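# Descriptive analysis of the structure
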Amino acid sequence: MQNKAYAVQIADGIAIRNCKNQFKATLLFSDTDELFYKLKQEQYVYIFKYGVVCFYNISRQEIRELSNEILSFAQNYIDEDISEKIEIIVGGSTNTISFSKVTLSEFNIESLRLIMLNVSQSVALDHYANISEQILEDTKVHTSYLEEKGRLDIGGKKLKKYIGRVLNIKNKISENLYIFDSHDVTWDDEVLNKLDQDLKRVFDLKDRYRSIHDQVEVIKENLELFKDIMFHKESSKLEWIIIILILVEVVDMFILKLF
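What you see as residue numbers is a count from 1 along each chain, following the sequence as written. Local features are withheld for residues below a pLDDT of 70 in this predicted model, meaning they are given only at 70 or higher, and side-chain atom pairs are given and counted only at 80 or more; totals for whole chains, interfaces and linings count all residues. Hydrogen atoms and water are omitted, and side-chain values are computed over all heavy atoms in the structure.

### Describing the overall build of the chain
Every helix listed is a DSSP run of H or I at least four residues long, and every strand listed is a run of E at least two residues long, numbered separately from the N terminus. For the chain, the helix and strand inventory stands at six helices and 10 strands. Note on definitions: a residue-residue contact is assigned when non-hydrogen atoms from the two residues lie within 4.5 Å. Within the chain, counting contacts between residues at least 6 apart in sequence, those at least 24 apart form 68% of the total.

### Some remarks on the pairing of strand β6 (residues 52-56)
Any residue under 20% of the maximum accessible area for its type is buried, any over 50% is exposed, and the rest in between are partly exposed; the area is computed with a 1.4 Å probe on protein chains only. Judged by how many residues are buried, β6 sits mostly within the fold: five of five residues are covered. Between strand β5 (residues 44-48) and β6, which pair antiparallel in sequence order, lie three residues; one of them, Gly51, sits at a positive phi of approximately 95°. One requirement defines pairing of two strands: DSSP has to find at least two bridges between them.

### A few points about the pattern of salt bridges
Once their charged atoms are close, side chains differing in charge can pair, the charge on each being opposite to the other. Salt bridges are defined as contacts in which a side-chain nitrogen from Lys or Arg sits within 4 Å of a carboxyl oxygen from Asp or Glu. Going through the model one piece at a time under the given rule, you end up with 10 salt bridges. In this structure, Glu110 and Arg113 form a salt bridge, with 3.1 Å as the shortest nitrogen-oxygen distance. Of this pair, Glu110 and Arg113 both sit in helix α3 (residues 109-149), three residues apart, roughly one helical turn. A relative accessible area of 4% means that Arg113 is categorised as buried. Where Arg208 meets Asp126, a salt bridge forms, and the shortest distance between an N and an O atom there is 2.9 Å. Linking Arg208 in helix α6 (residues 205-258) with Asp126 in helix α3, this pair joins segments that are 82 residues apart in sequence. In this structure Asp126 comes out as partly exposed when scored by relative accessible area, which is 29%.

### Some words on a positive patch on the surface
Like-charged residues within 9 Å of one another, or nonpolar side chains (Val, Leu, Ile, Met, Phe, Trp, Tyr) within 5 Å, are grouped into patches, provided each residue has over 30% relative accessible area and no salt bridge. Note on areas: these come from Shrake-Rupley sampling with a 1.4 Å probe, and a residue is covered only by the protein chains present in the view. This count recognises Lys and Arg as positive and Asp and Glu as negative, with His and chain-terminal groups excluded. For charged residues, the charge sits on one atom: NZ in Lys, CZ in Arg, CG in Asp, CD in Glu. A contiguous patch of positive charge, built from Lys4, Arg60, Arg64 and Lys85, is present on the exposed surface. Within the fold, Arg64 resides in helix α2 (residues 60-71).

### Quick notes on the pairing of β5
The buried count for β5 comes to five of five residues, which makes it a mostly enclosed element. Both faces of β5 are covered, namely the face carrying Tyr44, Tyr46 and Phe48 and the face carrying Val45 and Ile47. Of the pairings in the sheet, the one linking strand β4 (residues 34-38) to β5 comprises five bridges and is antiparallel in character. Across the sheet, the residue bridging to Glu34 is Phe48, located in β5. Between β4 and β5, which pair antiparallel and follow one another directly, the connecting turn spans five residues, one of which, Glu42, has a positive phi of 60°.

### Some details on a nonpolar patch on the surface
There is a patch of nonpolar side chains on the surface, built from Val251, Phe254, Ile255 and Leu258 and spanning about 400 Å² of accessible area. With respect to the helices and strands, Phe254 occurs in helix α6.

### Side note on unusual backbone geometry
Backbone geometry places Asn57, a non-glycine residue, at a positive phi of 60°. Position of Asn57 among the secondary structure elements: in the loop between β6 and α2. Judged by its relative accessible area of 24%, Asn57 falls in the partly exposed class. Even without a glycine there, the phi angle at Asn76 is positive, about 60°. Relative to the assigned elements, Asn76 resides in strand β7 (residues 74-77). With a relative accessible area of 52%, Asn76 lands in the exposed category.

### Here's the deal with the environment of Ile212
Here Ile212 lies in helix α6. Separated by 81 residues in sequence, Ile212 and Ile131 have C-alpha atoms that sit 9.3 Å apart. Once residues lying within four places of it in the same chain are set aside, the contact partners of Ile212 are Leu125, Tyr128, Ala129, Ser132 and Ile173.

### A short note on empty space enclosed by the protein
Cavities and pockets are found on a 1 Å grid laid over the protein atoms alone: a cavity is a set of points where a 1.4 Å probe fits but cannot escape, a pocket is an open set with protein on both sides within 12 Å along at least five of seven lines, and a lining residue has an atom within 4 Å of such a point. Grid points are joined across faces, edges and corners, and a volume is the space filled by probe spheres set on the points. Scanning all chains against the criterion turns up two cavities of 30 Å³ or more. A volume near 40 Å³ is recorded for the largest cavity. Taken together, Lys170, Ile173, Ser174, Tyr209, His213 and Val216 make up the lining of the largest cavity. Elements supplying a minimum of two residues to the lining of the largest cavity: α4 (156-176) and α6. Taken together, the residues of the lining of the largest cavity break down into three nonpolar, two polar and one charged. The volume enclosed by the second largest cavity comes to roughly 30 Å³. Lining the second largest cavity are Ser132, Ile135, Val166, Ile169, Val216 and Ile219. Residue polarity is assigned by list, with Asp, Glu, Lys and Arg as charged and Ala, Val, Leu, Ile, Met, Phe, Trp, Tyr, Cys and Pro as nonpolar; anything else, Gly included, falls into the polar class.

Right under this line is the structure:
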């Protein structure tokens, strides 16, 4: 048997509770972060709160229809193509994994779920990598201006919003990508545990996660510097205002004494 798992980032996030209450299919597994459904015979859909949906053995037309249905529970639709697919072959002598193909010795739901989970997290990492790289480039523009002019070209409310955006992305990455945790089913099953670890290695999930995390930390450090410069600037303005007020009061007293 040979089929494909196809994962795609359709939105920034999906409301799992609303989706669970209204999506019509056989629910095999659920928690606050994900929903795993069986549709027809040997057809499965895996929905994640971080906006990725993975389809197994489902035609392109059905994927479009299901994606449109799931989008009714999503926030911030993503138009660009951020997707990944992997071929799954059942009937090998042992479980073997390459970047584009997984061969299973036998089909079981938990093995399929692990494959769909890892390919979905790979897609989510691509999404967050794109965001962090863009923000890093934006930050470099401001640091270059600071180097050339000796002052920032961003401040006040705009800088605060920029800092908030970066912190929100950092929180999303931390909350949504639990790639260092393995599903409970792998704890007592050596075969599933090996499959899970091999998938993480082939998709290079841990190194990619660390790369994104390091980028966000660099951005955060730069923004802390920007914030300190902004506060110093505002503090200097306040000091000058106080000095001017004192001078005005002194001049006023001097004039009163003269006349």
